[in-house]
Amino acid sequence: MTAHILTITTFLPLAGVIVLLGGGRNLSDQITKLIAFLTTVATFVASLVIVGRFDTAVSGFQMVEHAAWVKSIGLSYLLGIDGISLWMVLLTTFLMPLAVLASWRIEKDVRRYMLAMLILEISVVGSFVALDLLLFFIFFEALLVPMYLLIGGWGGERRVYAAVKFFLFTMAGSAFLLLAILFLYSKSGASGQATFDLRSLVSVAGGLSAGTARWLFMGFFVAFAVKVPLFPLHTWLADAHTEAPTAGSVLLAGVLLKVGAYGLIRFNLALFPEAAKYFATFVSVLAVIGIIYGAVCAIMQTDIKRLVAYSSVSHLGFVVLGIFAFTRQGMTGGVLQMVNHGLATGALFLLVGMVYDRTHTRQLGELGGLAGVTPWLAGAFLFAVFASVGLPGLNSFIGEFLVIVGTFSVSHWFGSLAAIAVILAAIYLLWSYQRLAYGPVHEEHRALPDVSVREVAILAPILGLILVFGVAPRLLTDKIQPTTNAVVARVHPAHAQDAAPVLPPAAAPAEGSAP
Amino acid sequence: MRTPIAFFLVLSGILFSVGTAGVLLRKNALVIFMSVELQLNAANLALVAFARMHGDLQGQVLAFFSMIVAAAEVVVGLAIIVSVYRRRFSVNVDDARELRG
Amino acid sequence: MPLDNVVFWVFAPIAVASAIGMLFMRNAVHAALFLIVDFMCISVMYLLLDAPFLFAVQIIVYAGAIMVLFLFVIMLLGVDRHEDLRERLRGQRIAGLALAAGAALEIGLAVRAGIGFSRHVPPSALSGTAEALAKPLFTTYFFPFEVTSVLLIVAAIAAMVLAQRKAKAVTLAEANARNAERDARLRDATK
Amino acid sequence: MIKTPVFDVWTILPEVFLGGFAILGLLYEAFAPRSDRRVHLLLAISGTFASAAAAYALWTYSGPPTAMAGMVNVDRFSVFGRLLLVSIAAISLLLGTHYFSRDTKLYRGEFYPLVLFATMGMTLITAAADLIVVFLALEILSLSLYVLTGMTGRRGSNEAAMKYFLLGAFSSAVFLYGIAMAYGAVDSTSLAALAHGLSGQTGNQSIALLAVVLLLAGFSFKAALVPFHMWTPDVYQGAPTPVTGFMSAATKAAAFLALIRVFDVAFQPLTWNWVPLIWVIAAVTMVVGAVFAVAQSDIKRMLAYSSILNAGYILVGLTAANSVGIRAGMFYLVAYAATSVGAFGVVMLVSARGDELTSLDTYRGLARRSPFLAAIMTLFLLSLAGIPPAAGFIAKVEVFSAALHAGNWSLVLIGAITSVVAAFVYLRVVVLMYMEEPDGDGERDTAVWPRAVLAIPALGVLVLGVVPGVILKAIDAASVLRW
Amino acid sequence: MTQTVFRFLWLIPALPLAGAAVNLFFGKRLGKLSGVLASATMGVAFVLSAVLVKELVSLPAEGRLVVRHLFDWIKVGNFTVAADLRLDQVSAIMILVVTGVGSLIHVYAIGYMDGDPRVGRFFAYLNLFVFFMLMLVLGENLLLLYLGWEGVGLCSYLLIGFWFDRPEAALAAKKAFITTRIGDTLMLVGLALIVAKFGTLDFTAIFNSTAAGAITKGAATAIALLLFAGAIGKSAQVPLHVWLPDAMAGPTPVSALIHAATMVTAGVYLVVRMHPIFELSGVAMTVVLVVGLVTAIFAGTCAFGQDDIKRVLAYSTVSQLGFMFMAVGMRAYAAALFMLVAHAFYKALMFLGAGSVMHGTHDATDMKTFGGLRKTMPITAFTFLIGAAAQAGVPPLAGFFAKDAILEIANHTGRIAVYVLGTFAALLSAAYIGRLVFLTFFGEPRSQEAEHAHESPPVMWVPLAVLAVGAAFAGWLNFTPEGRLAGFLEPVAGRVPTGPGLTVPVMDAIAVAVTLGALIATWYVFASGKIDWLAMRERLQPIPRMLQNGWYVDKAYQTVFVEPGRTFAGITAFVVDLKIIDGLVNAIGAGVKRLASAGRHLQTGYVRNYALGLGVGLVALLFWAGVRG
């Protein structure tokens, strides 16, 4: 049973899809939602099994499943997981049920909506566990469609514009990705059957000339930079996040952006370590610009969703910066930050959605004083806000700190500049919170209900995790590290040992007057 | 025979081009179609000339086939033109431009 | 100057001239007549090239059947009026002529490169008489020959499908009226 | 004394069946008191099936590579072509029947024989081993298509027929001139002989080049490659929708299969001369097809441009003048055929009576009016855009990797970029179907069985996208040309 | 035996945390009890701290360092941050102050917050604050310290903005957090630098390798200054002092606890804790000294110009903190901590007193409306007087000794300038505190509230009394010439090398003279009734108004940083992002569309144009082939 746990986890939602399709139109909305919810929960449980079976001693891929799919073109069904993808998968399966719960208020085309959600989950999880480049690309492309439908079908006023923009941006990126993949593939054909198997393509890529490798790196990079998104390619994000329905924004921020960062580690670094080093400064500069730029843009936003969207640009900049520092702290911090951002920003979007459900506005100007009317909702909001601000003791801090430390040991400048975002984050988040929750309450908002049981069920787990990972980040890092260390060792062997001078163990402090 | 084969080929080439010009310049569908016929003939001439050059009959057979084809084409073509005329009382191809853009 | 040369130099210019004539005749009927002349010249060329059978077929099928068919249709549709040759499509005329010239030039160049103008072929034994052509036609080319039958069937259907329709009774007068009115419209359009 | 060569009719049995049933149909039309669609359909469909069976029987044929005195090839490539074309024909026949039953005053019994004849011409072209046969087959299919286009005699339809005919005649004259040049270059028109003659220097290079260009132009016209494509949008729009579907899928397939055979066999020695030509054509075709589609407001015209675009992609695969490229092209043809037949089928059902409703606005909120049509249309559009899990994706992967393998990465780059532009075009339709509210009343054509028919290509697109292996093996075997 | 006791070290922060948790979720149900609960946890924590400190003192002088390992917080590569608690002389003093003064203020708050609907949440925040404060002082590494550092910032934000429906409160809260955040971020960079240099954040390890000469003078300076930036922010030193006066919008107990006794002194603690690095770079020390000196004088002048009783105290706090930094800057850590303790007592006392006054006068805070309150609320007045005297430096109260110690060191280390300026600052502090006292408690009532003022309930004045005792006798901690406290701290703080200078009696004389002079002068002006000080102030304009507005620093920041920054952000967000970057994207789309419509015009519908297309293609190919063939 657990032999194919990855396949099971990936395609469990398919069961839900089939049931919904089979049920046809005569399923009531409530039942439909329930089915979707149960499916996602089951998927989450399945993914927990993965964590249980995960072996920290292995730095490579685990639970690998291999089956020839299309022999004649060397496309194989190859799944595997490591310390990085593990948490990405879990993040997805964890956020999914919450997203479904958060969609409980959807009335329009519930069945189609839930189908899109489930298909989205399949493709996202799939792209995290796929080790065959073409298979990955298939999932990577496939996840566009349901997300596109979610935004365009259930989004805000400018939803169509946002959806198309989202689709085309990613499409444009992935066009280059496909080109690069196929180029590698054709190179691999030199010796016998060409293949898309990442593990064997690594050696193929190793054989390429530096110039070729750099072009291919760019091919992969553009695709993932759009998804992350990195600085000049970010404009789709604001619109998509703003127009998407709550669940859409949550998954977009929580999961989809991670696909980009994940791809950078999994493919760019694994395949083209030399090129990665060559472009490291360039990418880091983009990341730093993004960190500050996103924060600065966020300050002036009046639409709270848009504000959070720009904050994502800033936070994802941290992730990329950490990854491209090629230090253990940086890399681990980057991956950790991927999870943290997923939780923190996910929570923020969920809360924004709840606020919107009550007040039917996202304009900060039309909000205010909610802390008095709905203290618990406002409290939860504040909690999420401080998680994003990077308050020590909550999850995001650890990630940011590790990234800064990891970057700092390589370049004082990048490290210091990135730190500026910590100030800016406080500015835009607290300012927006002040306008949202403090001050006099608006007349028409006098009698808003506080959090309902469903909303508590949504918030409790995610806020809880934010706290837990803030206090005990090792729950994550201990599993992440073997992989990230291996990556660092491969890309930048000089950093395999920490850049910081390892000191002689300090004179052991007296444990009381213990012997 | 004293005439170089090339002369015939050049002649066929010229006729072919004149046919092309006809297709491009005339507005009367019938005349356009005639020009196409001229092109076909040019092709035939080239075939026969080559046959003479190679000193076998294949070329002539091919020319024969092309005549049959031409005949068939004429039937279909005229039928179409007639039916068009029935619709819009004109064989001026410039009038038929409802489908465009 | 050998006979065949003379013949060629007599008829080739006529062929070209009549072709060009067809190109510039404002009246479809005249164009058809010029085309017939052209076909005649080509048939003569066939004769020069030892293709007596094709010479015959050319005259019978083309000059005879096909062109007659054309003339018949022209009369039937009553479009034997003068077509105005004024070009309304910008650049069409120049481009057309240029392209024609270009095509001719290219073919000429290719011929010169490939064959050369000084290449004379020895008189060949076999001349394309009917029985001489019959042999390949019914052995090697038997299959294509059969295929042509299908072609002709299709042609027949075409005629039936397209031509045989209860035409709305329209007198020639009406038609001409419409045409005149249309020409006027077009003239305005071009002004 | 003439000794006649042996004619083993098995090798052309598929064509014989097609032609035979076509003639049966004609006789029925001629002598039946009043012609009945169902009888016609029965005859025609059985014709296609018989032909398919005969073709399949040839899969294991192991005789000499050519038959009929060297006029037709007998190889799996031709078998593949026949099966593909015949199945397209079958689906088109079914859809056409519905088209006529919906609007009986457009009905003409000759539709069925003509489709069969056209199909016969197409299948023949894929098997032709001699340029003259190619020419004849080309004419058969062209003439039948001219008639089919103008059949309904509506204004649009018969304007389209005239345009198609005049340009077609022009192009076939060019084609014939090309044959003449080929014959002049080497003293024969058989593909094998051409190959031999041109590889040994006995052939005449410059004349042969002339032939290459002229024949390429002729094929390009049929395959709707830029700049020989300009008839496509008008004709696709004017022709009766089922015919359009048939044309777009089958003609393209036939033209490309013939192109492959002629250029990869006869002109194989000149590869280095013609590859650059199709390189350029491919590039231009992709750009034009993708960009011009953006501004279209009529779905049939839009799909016409998309078919132009896809022709460009197939050509990209062929720039790798080898069996890999051929295989890629063949798979793409299958994928595109299924997609295009399906898409035009949906268009037919949506356009209700006649062909009035083909403007994009008709698709506003289709998802609400008839979810099924919207769903499969989305699938087809995804396939055209080359997005998994639709067949179009694997197809694109195949052609691109083939071209990359041959080192034409810049061409593939163009392809990749144009595919983004194209994606925008298809998205517009999806947006209309799913994200806009229906303005008109409920759906107009609620017939069930044509939907069932459309499920076939839809299924095909899905299966080819998910498990292309099922057909790729066969295509592998078929991609080897015998001559 | 001993470690069995130290094993409970973690309980000290844990108790308030537990209290916070309970109050946060069940505060509403607990109602009044929430305050009691919170105070109880504090009390227990205080007792426990006392026990542990006693144990610590019982250890041999050299071994007075306890580190309890709880768990590994972060562990990446060779970089580990453990959740370790450190109890040594410095943190011992700190926890005593925090829990001691803290519990008193908690008790006081029960009365002060009585009747507030959200009292449960108030005490939750208060407890949470104490937890973070304890983490700050007990942390064995800089990251735990930073955790506490940011945590207290959070609680300060929550408590200042506790009455969030008042816009000024909301604004002040935000301002406080963001202003301190600026310092904190620099401090964070400092941490990163430390990791880069040392590879660890543990105090012990850092100190050892600093002693071992692991880093250069320059690196030390960089680190020291970055850390000091954090201190400047938290301790409201110039130029980041602007948040503290506004922070008075919060409830008074908060001001007492956070903005007087504990949080704001964290900066001092930090510098003392990290002094090896500061000492390694002499520059940093000088910077600290200068900043402290400047702040002391600057804030003193501002305090003199305030009419709001709480703002006076706020500025006074700033200036007192300046004194502490002066001390630190002169390596007189013991003196600094001594002052810290003393200040904790008398400043908390005065804030609570001010709160009591407000309580008695329906939240009036403008001293111009007070007067003669000593009659209506005697206990408050008396206790407040003690506090004031202590701050003013009236012997033998705590303030006298604390300030004296600092000035003495300044003098004895040959820093005459510092000594003179310091004395001037002392003069100022005596003056403004005198002004406050005389305006509030002496003279005649100047308003209805003042006349009908009433004494506060015991739950409020009992803590006042206790603090008053502390303020009065804290001086004894360091009474002996060499100083008990100094002796206790010596292993950590070292002893200041002193040189020749004025003798102690002389300096004492000067100090007393200065103080009494100031007090008498202020009495004459503000309480004797012989002078119409308001009129006088009008005559002295604009100087008084400038002092009242804190030298217009706020306005300056507004115009120099905030407004331009906002404009910049606006341009970035709405011009660069929307118009330029996004505009480029849309432009591409538009370009394709235009091309497409051009294509539509190419498709004229004229069949002859199409034929032309064919022809062009054909001839083009012909020529191409011709060129190649």
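No experiment lies behind these values; they were computed from the predicted model shown.

**Q** Looking at this structure, I do not really get the overall build of chain A. What am I missing?
**A** The helix and strand inventory of chain A stands at 20 helices and two strands. Relative to a compact globule of 515 residues, whose C-alpha radius of gyration would be 24 Å, chain A shows 22 Å and is just as compact. Taking all 515 residues of chain A together, 70% fall into the buried category. Across chain A, every contact between residues at least 6 apart in sequence was considered, and the portion connecting residues at least 24 apart equals 81%. In chain A, 29 side chains carry a positive charge and 25 a negative one; their mean positions are 5 Å apart.

**Q** Is there a simple way to explain the overall build of chain D in this structure?
**A** On a plain count of helices and strands, chain D comes out with 19 helices and two strands. The globule rule puts the C-alpha radius of gyration for 483 residues at 23 Å, and the 21 Å found for chain D is close to it. Projected onto its principal axes, the C-alpha positions of chain D cover 70 × 60 × 40 Å. A burial count over chain D gives 74% of its 483 residues as buried. Counting contacts in chain D only where the partners sit at least 6 residues apart, residues at least 24 apart contribute 81% of the total. A total accessible area of about 12200 Å² is found for chain D, and carbon and sulfur atoms account for 68% of it. Charged side chains in chain D number 28 positive and 25 negative. The centres of these two groups are separated by 2 Å.

**Q** Would you take a moment to explain the interface of chain B and chain C for this structure?
**A** Interface size, as often reported, equals the accessible area lost upon joining of the parts. Contacts between chain B and chain C engage 73 residues on the former and 93 residues on the latter. In total, about 7600 Å² of surface goes out of reach between chain B and chain C, with carbon and sulfur atoms giving 75% of it. Area buried by chain B at its contact with chain C is led by B:Met34, B:Arg52 and B:Phe89, which between them contribute 10% of it. For the pair chain B and chain C, the number of links is one salt bridge. Where chain B meets chain C, there are 12 residue pairs in polar contact (both at pLDDT 80 or more). With 24 residues, the single largest contributor to the side of chain B that touches chain C is helix α3 (residues 58-88) of chain B. The class makeup of the residues in the side of chain B that touches chain C is 50 nonpolar, 14 polar and nine charged.

**Q** Quick question: what am I supposed to make of the packing of aromatic side chains here?
**A** Two aromatic rings, taken as a pair, are described by how far apart their centres are and by the angle between their planes. If you walk through the whole model with that rule in mind, you get 83 aromatic pairs over all chains. Ring geometry for D:Tyr164 against D:Trp231: centres 4.8 Å apart, planes inclined by 15 degrees, an arrangement best described as stacked. Taken together, the residues D:Tyr164 in helix α6 (residues 155-185) and D:Trp231 in helix α9 (residues 231-238) connect sequence positions 67 residues apart. Grouped by ring-pair contacts, the aromatic residues B:Phe33, C:Phe70, D:Tyr146, D:Tyr164, D:Phe165, D:Phe221, D:Trp231, D:Tyr236 and D:Phe344 constitute a single cluster. The lysine or arginine in question, A:Lys227, covers the ring of A:Phe140, its NZ or CZ lying 5.2 Å from the ring centre. The lysine or arginine in question, E:Lys403, covers the ring of E:Phe323, its NZ or CZ lying 5.8 Å from the ring centre.

**Q** What is the right way to read the interface of chain E and chain D from this model?
**A** Every contact between the two is made by 24 residues of chain E and, on the other side, 34 residues of chain D. Here chain E packs against chain D, burying approximately 2500 Å² in sum over the two surfaces, 80% of which is carbon and sulfur. When the area that chain E buries against chain D is broken down by residue, the three leading residues are E:Gln603, E:Leu614 and E:Leu621, summing to 25%. Counting the contacts that link chain E with chain D gives zero salt bridges. Our count for the contact surface shared by chain E and chain D stands at four residue pairs in polar contact (both at pLDDT 80 or more). Contributing elements (two or more residues each) for the side of chain E that touches chain D: α27 (553-602) and α28 (607-628) of chain E. Here the element with the most residues in the side of chain E that touches chain D is α28(E); it accounts for 13 residues. Its residues placed into classes, the side of chain E that touches chain D shows 13 nonpolar, eight polar and three charged.

**Q** Help me understand the pairing of strand β1 (residues 65-76) of chain E in this model?
**A** When a strand is regular, its side chains alternate between the sheet's two faces. Residue and element names in this part refer to chain E. Sheet topology places β1 next to strand β2 (residues 79-88); 10 bridges connect them, and they run antiparallel. Residue pairing for β2: Lys75 is matched across the bridge by Thr80. Between the antiparallel neighbours β1 and β2 lie two residues, among them Gly77 with a positive phi of about 60 degrees.

**Q** Whenever I open this one, the pattern of salt bridges confuses me. Can you help?
**A** Should the charged atoms of two oppositely charged side chains come close, the side chains can pair. Inspection of every chain in the model, using the stated rule, returns 42 salt bridges over all chains. Across the pair B:Arg52 and C:Asp50 runs a salt bridge whose closest N-O atoms are separated by 2.9 Å. Linking B:Arg52 in helix α2 (residues 29-54) with C:Asp50 in the loop between α2 (28-48) and α3 (52-77), this pair reaches from one chain into another. Measuring nitrogen to oxygen at the nearest pair gives 2.9 Å for the salt bridge that ties D:Arg301 to D:Asp234. Taken together, the residues D:Arg301 in helix α12 (residues 299-318) and D:Asp234 in helix α9 connect sequence positions 67 residues apart. The two residues D:Arg301 and D:Asp234 agree in class, both being buried. Beyond isolated ion pairs, a larger network of salt bridges with shared partners links A:Arg158, A:Lys165, A:Asp239, A:Arg306 and E:Asp582.

**Q** Explain the packing of α3(B) against α6(D) to me, please; I cannot follow it from the model alone.
**A** Describing two packed helices takes the angle between their axes plus the distance from one axis to the other. Between α3(B) and α6(D), the shortest axis-to-axis distance is 10 Å and the interhelical angle comes to 165 degrees. Put simply, α3(B) runs roughly antiparallel to α6(D). Between α3(B) and α6(D) lies a crossing whose hand is left-handed. Across the interface between the two elements, B:Gln58, B:Gly59, B:Leu62, B:Ser66, B:Glu73, B:Gly77, B:Ile80, B:Ser83, B:Val84, B:Arg87 and B:Arg88 of α3(B) pack against D:Arg155, D:Asn158, D:Glu159, D:Ala161, D:Met162, D:Phe165, D:Ala169, D:Ser172, D:Leu176 and D:Tyr183 of α6(D). Here the residues of the contact of α3(B) with α6(D) are counted per class, giving nine nonpolar, seven polar and five charged.

**Q** What's the story with α3(B) in this structure? I'm lost.
**A** Think of an α-helix as turning once every 3.6 residues; residues three or four places apart then point the same way. All names here are of chain B. Compared with an ideal rise of 1.5 Å per residue, which puts 31 residues at 45 Å, α3 spans 44 Å between its outermost C-alpha atoms and is within 8% of the ideal. Burial of α3 is extensive: 26 of the 31 residues sit out of reach of the surface. Two residues or fewer after α3 comes Phe89, characterised by a positive phi angle close to 50 degrees.

**Q** Looking at this structure, I do not really get a nonpolar patch on the surface. What am I missing?
**A** Residues A:Leu467, A:Val471, E:Phe8, E:Trp10, E:Leu70 and E:Phe71 make up a contiguous nonpolar surface patch of roughly 530 Å² in combined accessible area. Elements represented by at least two residues in the nonpolar patch include exactly α19 (453-471) of chain A together with β1 of chain E. Examined against the element boundaries, A:Val471 turns out to sit in helix α19. A:Val471 gets classed as partly exposed once you look at its relative accessible area, which sits at 38%.

**Q** Whenever I open this one, the arrangement of the chains confuses me. Can you help?
**A** A comparison of contact numbers over the eight pairs of chains in contact places chains B and C at the top. When C-alpha atoms are compared, chain A and chain B, though not in contact, are closest at a spacing of 25 Å. The least C-alpha distance between chain A and chain C, which are not in contact, is 38 Å.

**Q** In this structure, what is going on with helix α5 (residues 133-142) of chain A? I would like to understand it.
**A** Among the 10 residues that make up α5(A), 10 are buried, leaving the element largely enclosed by the rest of the structure. With a side-chain oxygen lying 3.0 Å from the backbone nitrogen of A:Leu134, the N-terminal cap of α5(A) falls on A:Asp132.

**Q** Where do I start with the packing of helix α4 (residues 89-112) of chain E against helix α12 (residues 266-273) of chain E in this structure?
**A** Residue and element names in this part refer to chain E. Where α4 meets α12, the closest approach of the two axes is 11 Å, and the angle between their N-to-C directions is 170 degrees. Considering the angle they form, α4 stands roughly antiparallel to α12. Two secondary-structure elements touch here, α4 through Val90, Ser91 and Met94 and α12 through Tyr269, Val272 and Arg273. The residue makeup of the contact of α4 with α12, split by class, is four nonpolar, one polar and one charged.

**Q** I keep staring at the confidence of the model for chain D and nothing clicks. Help me out?
**A** Regions with low pLDDT carry predicted coordinates that are not meant to be interpreted in detail. The predicted model of chain D averages 91 in pLDDT, with 97% of residues at 70 or higher. The complex model carries a pTM of 0.92, and its ipTM stands at 0.90.

**Q** What is the right way to look at unusual backbone geometry in this model?
**A** Leaving glycine aside, a negative phi is the common case for residues, and trans is the common case for peptide bonds. A:Pro229 follows A:Val228 through a cis peptide bond whose omega is -5 degrees. Along the chain, A:Pro229 falls in the loop between α9 (210-227) and α10 (235-243). Looking along the chain, the bond that leaves D:Val226 and enters D:Pro227 is cis, with omega of 0 degrees. Relative to the assigned elements, D:Pro227 resides in the loop between α8 (205-223) and α9. Of note in the backbone geometry, E:Asp363 takes a positive phi value of approximately 60 degrees without being a glycine. Looking at where E:Asp363 falls in the secondary structure, it is placed in the loop between α16 (333-360) and α17 (373-376). With a phi close to 60 degrees, E:Trp551 is a non-glycine residue in the positive phi region. Mapped onto the elements, E:Trp551 comes out in the loop between α26 (543-548) and α27.

The rules behind these values
- Residues numbered from 1 in each chain as written.
- Chains lettered and ligands numbered in written order.
- Predicted model: local features only at pLDDT ≥ 70, side-chain atom pairs only at ≥ 80, totals over all residues.
- Heavy atoms only, no water.
- Helix = DSSP H or I, 4+ residues; strand = E, 2+ residues; numbered from the N terminus.
- Rg over C-alpha atoms; globule rule 2.2 N^0.38 Å.
- Buried < 20%, exposed > 50% of the residue type's maximum accessible area, 1.4 Å probe, protein only.
- Contact = heavy atoms within 4.5 Å.
- Lys, Arg positive; Asp, Glu negative; His and termini not counted.
- Charge placed at Lys NZ, Arg CZ, Asp CG, Glu CD.
- Areas by Shrake-Rupley, 256 points an atom, 1.4 Å probe, with all protein chains shown as cover.
- Buried area = accessible area lost by both parts, 1.4 Å probe.
- Salt bridge = Lys/Arg side-chain N within 4 Å of Asp/Glu carboxyl O.
- Polar contact = N/O pair within 3.5 Å; in protein donor to acceptor, adjacent residues only side chain to side chain.
- Nonpolar A, V, L, I, M, F, W, Y, C, P; charged D, E, K, R; others polar.
- Phe/Tyr/Trp six-rings, centres within 6.5 Å; stacked < 30°, edge-to-face > 60°.
- Lys NZ or Arg CZ within 6 Å of the ring centre and 35° of its normal.
- Pairing = 2+ DSSP bridges.
- Axes fitted to C-alpha atoms, helices over the stretch in contact; angles between N-to-C directions.
- Parallel < 35°, antiparallel > 145°, perpendicular 65-115°, else oblique.
- Left-handed = near helix turned anticlockwise from the far one by under 90°.
- Expected span 1.5 Å × (residues − 1).
- Patch = residues over 30% accessible without salt bridge, like charges linked within 9 Å, V, L, I, M, F, W, Y side chains within 5 Å.
- pLDDT = per-residue confidence, 0-100.

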